[in-house]
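Listed below, chain by chain, are the residues.
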Amino acid sequence: MTAVAGMNFSIDAWDPGYGSSMEAEELAQSGAEVELDVEVPAAEWAPIDPSPVSPPEAVLFVDGVRRIDARVWIDDPATSGEPANSASIGLCASYAAGVVCCCAGRAHVIGTDVRRGLFTVAPEADDIATPAGVYQAFRATAKEDKPLAVVLSSAVQEQLAETELKTAIEARKAIDGHVRGDLLVVDGPLRGRAHLDRAVGFIKSHQTTYLPGELNTMVGRLGPHQRTPVFLMGTTWVRHSWYLRLPSTGGPPWSGVVRVEAASHLGREEVAGLANLTQSVLGRFASVEYKDSRAPQNLYPIAGLERDLRHRLGDQQYVHRALRLAAAR
Ligand SMILES: [Zn+2]
């Protein structure tokens, strides 16, 4: 732990709305390259019914939550005396990753990791010790073509993804030996996690259309538990993917539709097997409509894990006061 000596900083007034506007950092993914002939020739695309599979003994869900606790202004010691012009902005964020294991009819959390970080481009940034824990300094690189808010928000996301990866690897190690076969479901894109065995990414929202017109229409007509054939898609990275409809009680054509991602290096048989597995396994975890407004795509083990993780971040007002105390020292 580094002392805060030397770094002068102040905290913005508490505004629980921070960060919410920065969530829209998703890159526009238009212009994705799609290869349809992975599992069946494009001309033979049709909805695929579930096939009998031997389910894994455990399904692991990994997810993370993040929260901006405060905006800080870090004074540049070289030009102190004119702080209005020389202070750099930073974000103090709390984030947590966790893994929930669903086995033998129960769901239990098997690993969590809560962290706090100071994200800034200020070269003089240093860790901030507070009564609520240490905010580890992460220096991001300013980018000419990106607003600072996006750069900092991406830096938080990157650390969260790294924490999720570490938590997932440790959780798997922990159950190794007493579980025969598992499936790891990452909430969100598989990017950066594609090297993990038997891992899939689980995408609930569909802002971009990847499939050509008539095939995209077919997605809307999938019956419960049906899926599309596997395709290969490349944006800034390449992965296998398929659409799958979770059981739902009516609603708009795409309600209950999720997109699943798997590593690009898998062979045809392997990826088709994984797709079949998700088809019979994921529907079991679809949340019931009245319990979750994002149902059924918001799988209930993930919803429960997110609640647990948010709780572990600690009370936001308490954390903000802790930061103000640290700034006043
Ligand atoms: Zn378990």
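Please read these numbers as outputs of a predicted model, since none were measured by experiment. (Residues numbered from 1 in each chain as written. Predicted model: local features only at pLDDT ≥ 70, side-chain atom pairs only at ≥ 80, totals over all residues.)

So, the overall build of the protein chain
And then number 1: In terms of regular secondary structure, the protein chain is built from six helices and twelve strands.
And then number 2: By sequence separation, contacts in the protein chain at least 24 residues apart represent 67% of the contacts at least 6 residues apart. (Helix = DSSP H or I, 4+ residues; strand = E, 2+ residues; numbered from the N terminus. Contact = placed C-beta atoms within 7 Å.)

Here we look at the environment of Phe 202
And then number 1: Topologically, Phe 202 is positioned in strand β9 (residues 199–203).
And then number 2: Note: C-alpha distance between Phe 202 and Ala 262 (60 residues apart in sequence) is 9.4 Å.
And then number 3: Once residues lying within four places of it in the same chain are set aside, the contact partners of Phe 202 are Val 185, Val 186, Asp 187, Val 258 and Val 260.

A short note on helix α4 (residues 268–281)
And then number 1: The terminal C-alpha atoms of α4 lie 20 Å apart, and with 14 residues this matches the ideal 20 Å at 1.5 Å per residue to within 8%.
And then number 2: Of all the residues in α4, the buried ones are Val 271, Ala 272, Leu 274, Ala 275, Leu 277, Thr 278 and Gln 279.
And then number 3: Summarising the contacts, the buried residues of α4 are in contact with β8 (182–187), β9, β11 (238–245) and β12 (257–263). (Expected span 1.5 Å × (residues − 1). Buried ≥ 20, exposed ≤ 12 C-beta atoms within 10 Å, placed from the backbone.)

Some points on the pairing of β8
And then number 1: Where burial is concerned, most of β8 is hidden: six out of the six residues are buried.
And then number 2: Two elements, strand β3 (residues 58–74) and β8, share five bridges in a ladder whose sense is parallel. Looking at β8, one finds that Val 62 is bridged to Val 186.
And then number 3: Sheet topology note: the β8/β9 ladder contains four bridges and is parallel. Note on β9: the bridge partner recorded for Asp 187 is Phe 202. (Pairing = 2+ DSSP bridges.)

Here's the deal with the confidence of the model for the protein chain
And then number 1: When pLDDT is averaged along the protein chain, the result is 87; 86% of the residues meet or exceed 70.
And then number 2: Confidence drops under pLDDT 50 across residues 20–29; counting only partners more than four residues distant or on other chains, this segment forms nine contacts. (pLDDT = per-residue confidence, 0-100.)

Quick look at the environment of Thr 278
And then number 1: For Thr 278, the location among the structural elements is in helix α4.
And then number 2: The exposure class of Thr 278 is buried, given the 22 C-beta atoms found within 10 Å.
And then number 3: Residues Thr 278 and Val 200 lie 78 residues apart in sequence; the distance between their C-alpha atoms is 8.6 Å.
And then number 4: Those residues within four positions of Thr 278 in sequence are excluded, and the remaining contacts are Val 200, Leu 244 and Val 260.

As for the pairing of β3
And then number 1: For β3, the tally of buried residues reaches 14 of 17 residues, placing the bulk of the element in the interior.
And then number 2: For strand β1 (residues 9–11) and β3, the ladder comprises three bridges, and the chain directions are antiparallel. Counted as the bridge partner of Ser 10 is Trp 73 from β3.

Topic: helix α2 (residues 148–175)
And then number 1: Between its first and last C-alpha, α2 extends 41 Å over 28 residues, near the 40 Å set by a 1.5 Å rise per residue.
And then number 2: Among the residues making up α2, those that are buried are Leu 152, Ser 153, Ala 155, Val 156, Gln 159, Leu 160, Thr 163, Glu 164, Thr 167, Ala 168, Ala 171 and Arg 172.
And then number 3: Backbone geometry just after α2 places Gly 177 at a positive phi near 105°.

Focus on the nonpolar core
And then number 1: Core analysis: the largest hydrophobic core is formed by 81 residues, its most contacted members being Leu 60, Phe 61, Val 185 and Val 200.
And then number 2: In terms of residue count, strand β4 (residues 88–103) provides more of this core than any other element does, ten residues in total.
And then number 3: Counting the residues that make up this core, at least three belong to each of domain 1 (1–28 + 67–97 + 108–169 + 314–329) and domain 2 (31–56 + 181–298).
And then number 4: Not counting residues within four places of it along the chain, the set of residues in contact with Phe 61 comprises Val 99, Val 100, Val 185, Asp 187, Leu 299, Pro 301, Ile 302 and Leu 305. (Core = buried A, V, L, I, M, F, W, Y, C linked by C-beta atoms within 7 Å. Domains from an automatic or database assignment.)

Brief notes about unusual backbone geometry
And then number 1: Within the chain, Ala 104 stands out as a residue other than glycine whose phi angle is a positive 45°.
And then number 2: Phi is positive for His 225, which is not a glycine, with a value near 75°.
And then number 3: Relative to the helices and strands, His 225 is located in the loop between α3 (213–220) and β10 (231–234).
And then number 4: With 18 C-beta atoms counted inside 10 Å, the residue His 225 sits in the partly exposed group.

Notes on the environment of Ala 303
And then number 1: Within the element layout of this structure, Ala 303 appears in helix α5 (residues 300–312).
And then number 2: Residue classification places Ala 303 among the partly exposed residues on the basis of 19 C-beta atoms within 10 Å.
And then number 3: As for Ala 303 and Asp 63, which are separated by 240 residues in sequence, their C-alpha atoms are 9.5 Å apart.

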